[in-house]
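Next come the chains, spelled out residue by residue.
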Amino acid sequence: MGFRSWLRERFSRMARRRGSRRAGPARTASAPQVEMIAPGYPAADWEELPAYLPVDPEGHKVACIIAAAIAAGEHTESNLVLRRVSMANPEYTRVACIATALGAGALDKSSFTVKRIYRKKVTENTHAA
């Protein structure tokens with residue numbers, strides 16, 4: 001047993017013992033919790049931008065046939081069912097490229113992963129002229 005494992009075990013046992021002694025009435029929140037996507041940005045005002053947009057498979061029949069042929073390969077007995085066809089969202093791609101370029105700045109060897117992109121919800125009051 002290493003020193004760190006001994007410390008981890010020792011302090012986890014102490015925390016468990018203290019927790020059982022301090023168990024009291026649960027605190028109740030006086031104000032309702034508002035879900036936030038970032039500090040100061042409530043989730044109710046924003047909508048997540050999808051990375052891929054669904055498309056009609058009938059409109060892209062040639063692409064579906066080519067994809068099925070490539071996936072089947074040399075297995076002529078295989079049966080491939082395409083459940084959904086999606087295409088990359090150009091707005092998502094553009095925003096992700098701009099955000100990573102701004103984040104990288106002048107650092108050549110930096111790398112970023114975009115996990116979510118949000119767009120402000122459009123309300124009727126914002127377009128009043």
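Residues numbered from 1 in each chain as written. Predicted model: local features only at pLDDT ≥ 70, side-chain atom pairs only at ≥ 80, totals over all residues. Heavy atoms only, no water.

A. Up close: helix H2 (residues 61–72). Between its first and last C-alpha atoms H2 spans 16 Å; for 12 residues at 1.5 Å apiece the expected length is 16 Å, and the two agree. At the C-terminal side of H2, Gly73 shows a positive phi close to 65 degrees. (Helix = DSSP H or I, 4+ residues; strand = E, 2+ residues; numbered from the N terminus. Expected span 1.5 Å × (residues − 1).)

B. Spotlight on the side chain of Asn89. Mapped onto the elements, Asn89 comes out in the loop between strand S5 (85–88) and helix H3 (90–104). Once residues within four sequence positions are removed from consideration, Asn89 is found in contact with Leu49, Pro50, Ala51, Tyr52 and Leu53. (Contact = heavy atoms within 4.5 Å.)

C. A look at the pattern of salt bridges. Inspection of the entire model under this criterion finds three salt bridges. Between Glu47 and Arg119 there is a salt bridge, with the nearest N and O atoms lying 3.2 Å from each other. With Glu47 in strand S3 (residues 46–48) and Arg119 in strand S6 (residues 118–120), the pair connects residues that are 72 residues apart, well separated along the chain. We classify Glu47 as partly exposed; its relative accessible area is 31%. Judged by its relative accessible area of 32%, Arg119 falls in the partly exposed class. Residues Arg116 and Glu48 are paired through a salt bridge, measuring 3.8 Å at the closest nitrogen-oxygen approach. Of the two residues, Arg116 is situated in the loop between H3 and S6 and Glu48 in strand S3; the sequence distance between them amounts to 68 residues. According to the relative accessible area criterion, Arg116 is exposed, its value standing at 55%. A network of salt bridges, in which partner residues are shared, links Glu47, Glu91 and Arg119. (Salt bridge = Lys/Arg side-chain N within 4 Å of Asp/Glu carboxyl O. Buried < 20%, exposed > 50% of the residue type's maximum accessible area, 1.4 Å probe, protein only.)

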